[in-house]
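Residue-level structural notes
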Amino acid sequence: MARRGERDEGEPSPDPPTVTLSPSAEFPGLGQDELAVLREVGQRWSAAMRDRPADWDDLPLDPTLDRYRHPPTPSRFGRLARIEMFKADEPGQLLATESATVPQTRAGQRLARVRRAILGPPLASTAVLQERMRKLIALPVLSSDLLSSVAYGPEALLAVLVLAGSGALGLSLPLAGALVLLMIVVGTSYRQTVRAYPHGAGSYLVASDSLGPRFGLAAAAGLILDYVLTVSVSVAAGVSAITSALPGLEPFAVPFGLLAIAVLLAGNLRGVRVAGNIFAAPTYVFIVAVVLLLVAGFAQAGMRGFEALPPPPVTAVEGLTLLVVLRAFASGATSMTGIEAVSNAVPVFRPVEWRNARTTLTWMVSLLVVLFAGLTLLIHLTGVVPRADETLISQVARHTFRTGPWYGIIQAATAMILLLAANTAYQDFPRLLFFLARDDYAPRRFLHMGDRLAFSNGIIVLSVAAAIIFLAFGGLTQSLIPLYAVGVFLAFTLSQAGMVVHWRRHRGRHWHWRAALNGLGSVLCAIVLVTAAVTKFGEGAWVTVLAIPSLVLLAMRVRRHYDRMHQALALRQPSVPAPEADRPALAGGPRDRAVGGDDQESEESPQDVRHLVVVPVARLNLAALRALAYAASLGPPVFAVHLSPEQEEAERFREEWRTWGDHLRLETIISPYRAVTAPLVQYLDALHTLRPDVVLTVVVPELMVRRLWHRPLHTPIDQRLRRALRGVPGVVITSVPVHLSR
C-alpha cells in the first residue's frame, strides 16, 4: 500500500491513493513470488496431464447453463421455480441474480422476506461508489458523537469541581479554555492526518506506520473500547435526558435503551447512505436548538450586564487540589470523543475523499468549540450545579425557557442526538475491524460486506457488546464515563506521537511547526490519559486499563494463527520429481460424504455411475491445489468454479488461473450480492437439474485447525454445503483436509 507524506498545501502534488472498501478484499491476490511458484507447479501439471484421454474435456453437461434452449430451473424451490437464477454475463462466465441468494428451506425463505422488509433489497457490488456520502450527510453522521458530547462533557467537568465546594466552580472557565485549546490542537492534527493518510483507519494506521504494529494495535484496542462505550454512554445519556423531562419513565430506562440499540442496529444494517439519511436530521435539529438556547441565554445574561448568578451553596467533600483540577480536566475532555471519526472514515466520502473529509472535520471542530465553550459559559452565568435528578442542560433550558414548548424542544433534540450519537461508532467500528482483518489481526469474516454493502458482522458485534455493557452498568451515564476517557485518549496520544515521527521522516516545508503542534497535542492527551487512568481507576477505569492489553494480546494471537495458516497454505517450490511425483496427488486422504435421498440413487454397480467432479476454488493456494490434484486424480470429467463479488476480481483470478497453466476448465460466477454458499448451492442444484443421472462430486478444500478458538476465524464452506444439499439426490461432498500443525 502506497503511503506518502503530506506536502504543503501550496505545493502541487497528485492526490494520494485512497483504499476503497471493496468486496474483493475477501479475495486477496497472489504476490509475485507466489505467481512464480504457481507457474512452476503448473508446469509439473502439464507433464502429468500430457497423457490424459482425448475426451478429458468432454463434460456430460454444459456448466455455463446458457447454451441450452430451455434454461434449467431448480426443482426444489416451489414458487421460485420459474426464476432464472443465473444468466450469461460474458463467454464462460455466469452472473448470479438476486434470487440465487434466497435460502432453500421454507423457514429460511420466510426469514429472508422479513429481512428484506426491514433492511431492504440487497445492493450489488457495483453500487459501492453510490453508497458514499456527501459532506452535508457526512457531517451529521460522523459528528453526532462529537457534538452530542457537549450535552454531558461540561457536566462531567463540573461534577468533579463541585466536590471541592461552590467556590471551585469558578475554575470551570479556565479549564474550558484549556479544553478548547486541546480541541483545536487535536482537530488540526487530525486534519493533517487525513491528508497524510487518506486510506482511513486513523490512529491505528498512523501508529502502526510510524511507531510500529504493537502501538497500532494499542490504538486500535483503545478505539474499539471507545466505540463500544460510545454506544453505551450515548444511549444512557439520551435515556437520562428523557427521564429528566419525564421522571415517570425512569423505571423503563434500561428497556428503552436496549430498544434504541436495536433501532440503531437495524438502521445501520440498511447501509451507509440510508443510515445517513435516516440519522442526519436529528443532528441538525440539535445544533439549531443549542444555538437558540445560547442566544436566548446570553440575551438574558446581557440584560443583567452578564453578571453570573450565584450557584446554590454546596458543601465541599474534599479539598481543592491539583489532583481535583486534573480530574476535572480529564472528565471534561470526554467532550472530544468522536473527533477522530472522520480520519477513520475517509473512504466513505465522495471524491476527492481526503479533501471532503478535511472540510467536514473543520466544520465539526468549529461547531464543537462554539457549542462547548458557549454552554460552559452559559452554565457559569446561570449558576446551576450538577444534580442527580436532572442534567445540567435541562436545568439551563428550564432556567432560560421555563417549562414552555422551547424547553420541550431542547430536551427532545438533546435526547435524539444522544441516542443517535452512537451512529458515529456504527460508522467507524466496522471499518476499523475491516482494517484489522485486512492485516490479519481480526477474524477475516469482518472483511465481508453484507447485503446492503455494510459491514454487517462488525455492526452486529458492536450492538451486542454495547448492549451487554449497558445492562451491566444499569444504563447509568456517570458509571460509564470513567471507562470512556482512557481508551480514546490512548488512541489520541499514539496518533499525535505517530504524526511527530511522520514529520521527522518525511520532513518538508514547515515540518518543525507541524511536528511541534502534534507534539503539544500528544503531551496534552497523555496528561488526560494518565490522569483518567490513575484517578478513575477505582471507579471503573481499571476495566479499560486491563481490557486494552488483553485485546492487543488477542489480536496478536489471531495474527499468529493466520501467519501459520498462510505459511501452511503458501505455494512452495516443487520437490525433486520422482516417477510418481508427476501425477497430481494428495498427501492425506479425503473425507467423502454422500448427501441426498434414495429416491433417485439407483447406481448399484460402478458401470452404472456417471459422475462429474466440481471443485469450488476461492484462492489458488496449497489447499486449492491439493483439492484440484485430488479431483484430477479421479479422472475426467472435472472442472473448477470460482465465485467472485465483482468483475475485477474475477478477471484477476482468471489471469492467475492462466499463470497456473489452465489445466482444468474454469467457470466463474459473479455474485454481485457477495453471497457465496447460496449461489453455489443454486448452481450445483441447476447442474443436477440438467442431468439428474449424473452424480455430482463436489471436492472442497477444508482447513483443519487443532484449537477450538481457531474455528471462528474460518468459514466452514464444506459444512454449509452439506447442510444445504442434504436433500438433493446424487450429490457427494468430498472434503480434502489440510491440517495446520499448530
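Overview of the structure. (Residues numbered from 1 in each chain as written. Predicted model: local features only at pLDDT ≥ 70, side-chain atom pairs only at ≥ 80, totals over all residues. Heavy atoms only, no water.)

1. Some thoughts on the side chain of Asn518
- The residue Asn518 is located in helix H19 (residues 511-535) in this model.
- Side-chain polar atoms of Asn518 contact the side chain of Gln192, separated by 3.2 Å.
- Residues contacting Asn518, with those up to four places away along its chain left out, are Ser189, Gln192, Gln496, Met499, Val500 and Trp503. (Helix = DSSP H or I, 4+ residues; strand = E, 2+ residues; numbered from the N terminus. Polar contact = N/O pair within 3.5 Å; in protein donor to acceptor, adjacent residues only side chain to side chain. Contact = heavy atoms within 4.5 Å.)

2. What to know about the pairing of strand E8 (residues 731-739)
- Of all nine residues that make up E8, eight are buried, and the element is covered over most of its length.
- Looking at chain direction, strand E7 (residues 694-704) and E8 are connected through nine bridges and run parallel. Note that in E8 the partner of Glu702 across the bridge is Pro737. (Buried < 20%, exposed > 50% of the residue type's maximum accessible area, 1.4 Å probe, protein only. Pairing = 2+ DSSP bridges.)

3. Quick word on the nonpolar core
- Among the nonpolar cores identified, the biggest contains 142 residues, and Leu182, Val231, Val235, Leu293, Leu436 and Phe489 are the most heavily contacted of them.
- Considering each element in turn, this core owes the most residues, 18 residues, to helix H7 (residues 213-245).
- The contact partners of Phe489, leaving out residues within four places of it in the chain, are Leu182, Ala333, Met336, Cys525, Val528 and Leu529.
- In terms of nonpolar packing, the next biggest core, distinct from the first, is built from 29 residues, Leu30, Trp45, Leu620 and Leu628 among them. (Core = buried A, V, L, I, M, F, W, Y, C linked by side-chain atoms within 4.5 Å.)

4. Re the environment of Val641
- When you line up the elements, Val641 lands in strand E5 (residues 638-644).
- It is 6.1 Å that separates the C-alpha atoms of Val641 and Val615, two residues lying 26 residues apart in sequence.
- Setting aside residues up to four positions removed in sequence, Val641 forms contacts with Val614, Val615, Pro616, Val617, Leu666, Glu667, Ile669, Leu680 and Tyr683.

5. Details of the packing of helix H10 (residues 322-332) against H19
- One can describe the packing of H10 onto H19 by two numbers: an axis separation of 9 Å at closest approach and a directional angle of 110°. Taken as axis vectors, H10 and H19 run roughly perpendicular relative to one another. Along its contact with H10, which presents Leu323, Leu326, Arg327, Phe329 and Ala330, the element H19 presents Ile527, Val528, Thr531, Ala532 and Thr535. (Axes fitted to C-alpha atoms, helices over the stretch in contact; angles between N-to-C directions. Parallel < 35°, antiparallel > 145°, perpendicular 65-115°, else oblique.)

6. Remarks on the environment of Ala341
- Mapped onto the elements of the fold, Ala341 is located in helix H11 (residues 341-344).
- Take Ala341: its relative accessible area is 0%, and that puts it in the buried class.
- For the pair Ala341 and Thr424, spaced 83 residues apart in sequence, the C-alpha separation works out to 7.0 Å.
- In this structure, Ala341 is in contact with Leu142, Thr424 and Asp428, ignoring residues within four places of it in sequence.

7. What to know about a nonpolar patch on the surface
- A contiguous nonpolar patch, built from Val288, Leu292, Trp406 and Ile409 and spanning about 360 Å² of accessible area, is present on the exposed surface.
- Mapped onto the nonpolar patch, the elements with two or more residues apiece are helix H9 (272-303) and helix H14 (405-420).
- For Trp406, the location among the structural elements is in helix H14. (Patch = residues over 30% accessible without salt bridge, like charges linked within 9 Å, V, L, I, M, F, W, Y side chains within 5 Å. Areas by Shrake-Rupley, 256 points an atom, 1.4 Å probe, with all protein chains shown as cover. Salt bridge = Lys/Arg side-chain N within 4 Å of Asp/Glu carboxyl O.)

8. Some details on the packing of aromatic side chains
- Considering all chains together, one arrives at seven aromatic pairs under this definition.
- Taken together, a centroid distance of 5.1 Å and an interplanar angle of 45° make the contact between Phe434 and Phe455 tilted. One end of the pair, Phe434, is in helix H15 (residues 422-438); the other, Phe455, is in the loop between H15 and helix H16 (456-472), with 21 residues separating them in the sequence. Assigned by exposure class, Phe434 and Phe455 land together as buried.
- Among the aromatic side chains, those forming a connected cluster through ring pairs are Tyr190, Phe489 and Phe492. (Phe/Tyr/Trp six-rings, centres within 6.5 Å; stacked < 30°, edge-to-face > 60°.)

9. Re the side chain of Ser143
- Among the secondary structure elements, Ser143 is positioned in helix H3 (residues 135-148).
- If sequence neighbours within four positions are ignored, Ser143 has contacts with Ala138, Ser148, Thr283, Met364 and Thr424.

10. Observations concerning the environment of Val614
- Relative to the helices and strands, Val614 is located in strand E4 (residues 610-616).
- Counting along the chain gives 551 residues from Val614 to Pro63, while the straight-line C-alpha distance between them is 9.8 Å.
- Look past the residues within four positions of Val614 in its chain and what remains in contact with it is Phe639, Val641, Leu684, Leu687, Leu696, Thr697, Val698 and Val699.

11. With respect to the packing of helix H5 (residues 172-196) against H10
- Viewed as axis vectors pointing N to C, H5 and H10 meet at an angle of 45°, and their least axial separation amounts to 10 Å. Between H5 and H10, the crossing angle belongs to the class labelled oblique. Crossing handedness for the pair H5 and H10: right-handed. Of the residues in H10, those in contact with Leu175, Ala178, Leu179 and Leu182 of H5 are Val325, Ala328, Phe329 and Gly332.
- Taken together, the residues that form the contact of H5 with H10 break down as seven nonpolar, one polar and no charged. (Left-handed = near helix turned anticlockwise from the far one by under 90°. Nonpolar A, V, L, I, M, F, W, Y, C, P; charged D, E, K, R; others polar.)

12. Things to note about H16
- Helix length check: H16, at 17 residues, gives a terminal C-alpha distance of 24 Å against a target of 24 Å (1.5 Å per residue), a fit within 8%.
- All buried positions along H16 are accounted for by Ser456, Gly458, Ile459, Leu462, Ser463, Ala466, Ala467 and Phe470. An end-on view of H16 places all buried positions within 160° of arc, on one side of the element. In H16, the exposed residues that point more than 90 degrees away from the buried face are Ile468 and Ala472.
- In this fold, the buried residues of H16 make contact with H7, helix H8 (253-269) and H15.
- Gly474 sits one or two positions beyond H16 and adopts a positive phi of about 65°. (Expected span 1.5 Å × (residues − 1). Arc of directions from axis to C-beta.)

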